[in-house]
Amino acid sequence: MSGFDNAVEDFTELKKAIENLVNTKLPRAQKENKKLVFNDIHRRLDAAEVALKEMQREVDKALPAERPKLSYKYRAVQSDYNSLVRQVGLAKQQNSLSSDHWNQPEQKTRTQVLRNQGAIERTGAALTRTEQLAVETENIGNDVTNELYNQREALYRTRDMLDETDGALDKSRRTLLHMAQRAITNKIALISIIVIEVCILAGVILLEV
């Protein structure tokens, strides 16, 4: 596992712990214990920031071919970190609403802000998923393009082999034709010699008679 993957794994564990503290332990904690819970939250949030910085260092020193993929993962984790920071800030506001420092209109305003913040976070998550889908689609397109390129190169090599085979067949055909012509010529010459010898033999016989 690479340093980047280790940092992502650390961040994921910290994110789960922070969300558990904010969503489960903090609402159940007594007023005097909330400060301890917030201290624990901030300690883990600081560790998450350290993991995020480690990811950035891994992205900076990555090979050019790997950097776009790691950058995309880094941006997704960075978005999760910003969401955690907002959740912690909203948790502080929610806990402050229970004090006597805020009147009812201010409570309604803060509640509306919290709802709007949740809508913004959901929109950001949707945009992140859309970006991920676009990256995956681009990767599939690149894979298909590379495969088509390899197939085209294979077809070119096959065509060249067929051209070479066709040229060899033409050369063999010409050689066989030339050999056949020489055989016919040799046969004609042999027949001519035989005829001449027969004529000579016949002349000799006639002279002796």
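Up top you'll find the structure we're talking about.
What counts and what doesn't
- Residues numbered from 1 in each chain as written.
- Predicted model: local features only at pLDDT ≥ 70, side-chain atom pairs only at ≥ 80, totals over all residues.
- Heavy atoms only, no water.
- 1 Å grid on protein atoms, 1.4 Å probe; cavity = no way out; pocket = protein on both sides within 12 Å on 5 of 7 lines; lining within 4 Å.
- Points joined across faces, edges and corners; volume = space filled by probe spheres on them.
- Helix = DSSP H or I, 4+ residues; strand = E, 2+ residues; numbered from the N terminus.
- Nonpolar A, V, L, I, M, F, W, Y, C, P; charged D, E, K, R; others polar.
- Patch = residues over 30% accessible without salt bridge, like charges linked within 9 Å, V, L, I, M, F, W, Y side chains within 5 Å.
- Areas by Shrake-Rupley, 256 points an atom, 1.4 Å probe, with all protein chains shown as cover.
- Salt bridge = Lys/Arg side-chain N within 4 Å of Asp/Glu carboxyl O.
- Lys, Arg positive; Asp, Glu negative; His and termini not counted.
- Charge placed at Lys NZ, Arg CZ, Asp CG, Glu CD.
- Buried < 20%, exposed > 50% of the residue type's maximum accessible area, 1.4 Å probe, protein only.

*Asks:* Is there a simple way to think about the layout of surface pockets in this case?
*Replies:* The gaps of empty space that remain are located by a probe, the size of a water molecule, rolled over the atoms. In this model, the second largest pocket occupies a volume close to 200 Å³. Around the second largest pocket sit 11 residues that line it, and Val 22, Asn 23, Gln 87, Ala 91 and Gln 94 are the ones nearest its centre. Only α1 (3-28) and α3 (67-97) provide two or more residues apiece to the lining of the second largest pocket. In terms of residue count, α3 provides more of the lining of the second largest pocket than any other element does, 5 residues in total. Here the residues of the lining of the second largest pocket sort into 6 nonpolar, 4 polar and 1 charged.

*Asks:* I would appreciate a short explanation of a negative patch on the surface in the present structure.
*Replies:* Side chains of Asp 5, Glu 9, Asp 10 and Glu 13 sit close together on the surface and give a patch of like negative charge. Relative to the elements of secondary structure, Asp 5 occurs in helix α1.

*Asks:* In this structure, what is going on with the pattern of salt bridges? I would like to understand it.
*Replies:* Pairing between side chains becomes possible if they bear opposite charge and their charged atoms approach one another. By the definition in use, this model includes 8 salt bridges. Residue Glu 19 pairs with Lys 15 through a salt bridge whose shortest N-O separation is 2.9 Å. Of this pair, Glu 19 and Lys 15 both sit in helix α1, 4 residues apart, which is roughly one turn of that helix. According to the relative accessible area criterion, Lys 15 is partly exposed, its value standing at 22%. Across the salt bridge formed by Glu 153 and Arg 152, the nearest N and O atoms sit 3.8 Å from each other. Residues joined in a network through salt bridges with shared partners are Asp 40, Arg 43 and Arg 44.

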